[in-house]
Amino acid sequence: MATSPPAFPYASAMEVLFSNIRIAERVHEIGAEISADYTGKSIVLIGVLKGAAIFLSDLARAIEVNNTFDFVAVSSYGRASKSSGAVKLIKDIDEPIEGKHVILVEDILDTGLTLSYLRGMMLQHKPASLKIATCLDKPARRLVPIEADYVGFQIPNQFVVGYGMDYAEHYRNLGDIRLFPEDAAGH
Ligand code: IMP
C-alpha cells in the first residue's frame, strides 16, 4: 500500500543544494563586493522578515564599511508555498532613510512582486541610492521585471528551505539550503 510523504520531512531526508560552508564563502564574497562598492560611505541594510533575517545577519558581518540595519515585514505565502500575488506591508522601517545608501536584503527573488513593491515604497523615502541583495534568485519565475544587484546563487524553479527560508514556517533554522520535495510543496 502506498504511503503519503510526511507533511514535514526530516531535514536529513532533503537534498542539500548549498552547504553552510558554500553559503558562508559566497556571503563573504558579496560582503567584499559591497565593501568595495561603498568605500567611504555608510549603508542601511533593510531586511525583509522573516526569511532574510539570517542572510542579513551574516551579510552585515561580512561588510567592512559602516552599516546599520532595519527590517520590514510584508504579507507572505502563509502556510502555503504559492504566492497570492498580493503584497501588503505589515511592518515599516523604524528609522528615516532619506539621503541614505540603502540595500534591500531578501532571501529569495522569485516572482519579483515583493521586491518591486518594496523598492517602489523605499524610493518614495528618497534614499541617496537603493540596491537589492538577495541570497537566491529564481529568474524563471519572474512576473515583474526586477533584478538584484547582488545575488548569492541563481537556482531553477525549485522550492527550497533552510538558511532563513521556510515551508509553512518550518526549516528556517537549517544551516544548509535544501530542496523541499515537490510533492509536499505543491509548488
Ligand atoms: P516574490 O514576491 O514571489 O519574489 O516572493 C519572494 C518570497 O517568496 C521570498 O521572500 C520567500 O519568502 C518566498 N519564496 C519564494 N520561493 C521560495 C522557496 O523556494 N522557498 C521558500 N520561500 C520562497
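A few points on the structure. Treat the numbers as computed from the prediction; the structure is a model and nothing was measured.

### Side note on the nonpolar core
Consideration 1: Counting 30 residues, the largest nonpolar core has I34, L59, I103, L136 and I177 as its most contacted members.
Consideration 2: At the level of elements, α1 (20-37), β2 (43-49), α2 (53-62), β5 (101-109), β6 (129-137), β7 (150-154) and β9 (177-179) are the ones that each hand at least two residues to this core.
Consideration 3: Take this core: its biggest share by element is 5 residues, from α2.
Consideration 4: Other than its neighbours up to four places away in sequence, I177 contacts E15, V16, L17, F18, I23, C135, L136, V160, V161, G162, Y163 and M165.
Consideration 5: Membership of the second largest hydrophobic core comes to 18 residues, among which are V48, V74, L109 and I146.

### Looking at the sheet that holds strand β4 (residues 89-91)
Consideration 1: Taken in spatial order, the 6 strands of this open sheet run β4-β3-β2-β5-β6-β7, and their pairing is mixed. The open sheet terminates on both sides in strands that have one partner only, identified here as β4 and β7. Strand-to-strand twist of the sheet, defined as the mean angle between neighbouring strand axes without regard to direction, takes the value 30 degrees.
Consideration 2: The pairing of β6 with β7 spans 4 bridges and is parallel. Across the sheet, residue A133 finds its bridge partner in β7, namely Y150.
Consideration 3: Strands in contact with α1 are β2, β5, β6 and β7; relative to β7, the strand with the most contacts, it is inclined by about 155 degrees.
Consideration 4: Sitting on the sheet, helix α3 (residues 113-123) is in contact with β2, β3 (67-74), β4, β5 and β6, with an inclination near 165 degrees to β5.

### Some points on the site of the ligand
Consideration 1: The full set close to the ligand counts 14 residues, and D107, T111, T114, K138 and V160 are the nearest of them.
Consideration 2: A distance of 2.5 Å is found between an oxygen atom of the ligand and a side-chain nitrogen or oxygen belonging to T114.
Consideration 3: Contacts to the ligand include V160, whose backbone N or O atom sits 2.6 Å from a nitrogen atom.
Consideration 4: Elements that contribute at least two residues to the shell around the ligand include exactly β5 and α3.
Consideration 5: When residues of the shell around the ligand are assigned to their parent elements, the largest contribution, 3 residues, is made by β5.

### Comments concerning the pairing of β6
Consideration 1: A large share of β6 lies buried, amounting to 7 of its 9 residues.
Consideration 2: Here 8 bridges tie β5 to β6, and the two strands are oriented parallel to one another. Across the sheet, residue V105 finds its bridge partner in β6, namely A133.

What counts and what doesn't
Residues numbered from 1 in each chain as written. Predicted model: local features only at pLDDT ≥ 70, side-chain atom pairs only at ≥ 80, totals over all residues. Heavy atoms only, no water. Core = buried A, V, L, I, M, F, W, Y, C linked by side-chain atoms within 4.5 Å. Buried < 20%, exposed > 50% of the residue type's maximum accessible area, 1.4 Å probe, protein only. Helix = DSSP H or I, 4+ residues; strand = E, 2+ residues; numbered from the N terminus. Contact = heavy atoms within 4.5 Å. Pairing = 2+ DSSP bridges. Axes fitted to C-alpha atoms, helices over the stretch in contact; angles between N-to-C directions. Near = heavy atom within 4 Å. Polar contact = N/O pair within 3.5 Å; in protein donor to acceptor, adjacent residues only side chain to side chain.

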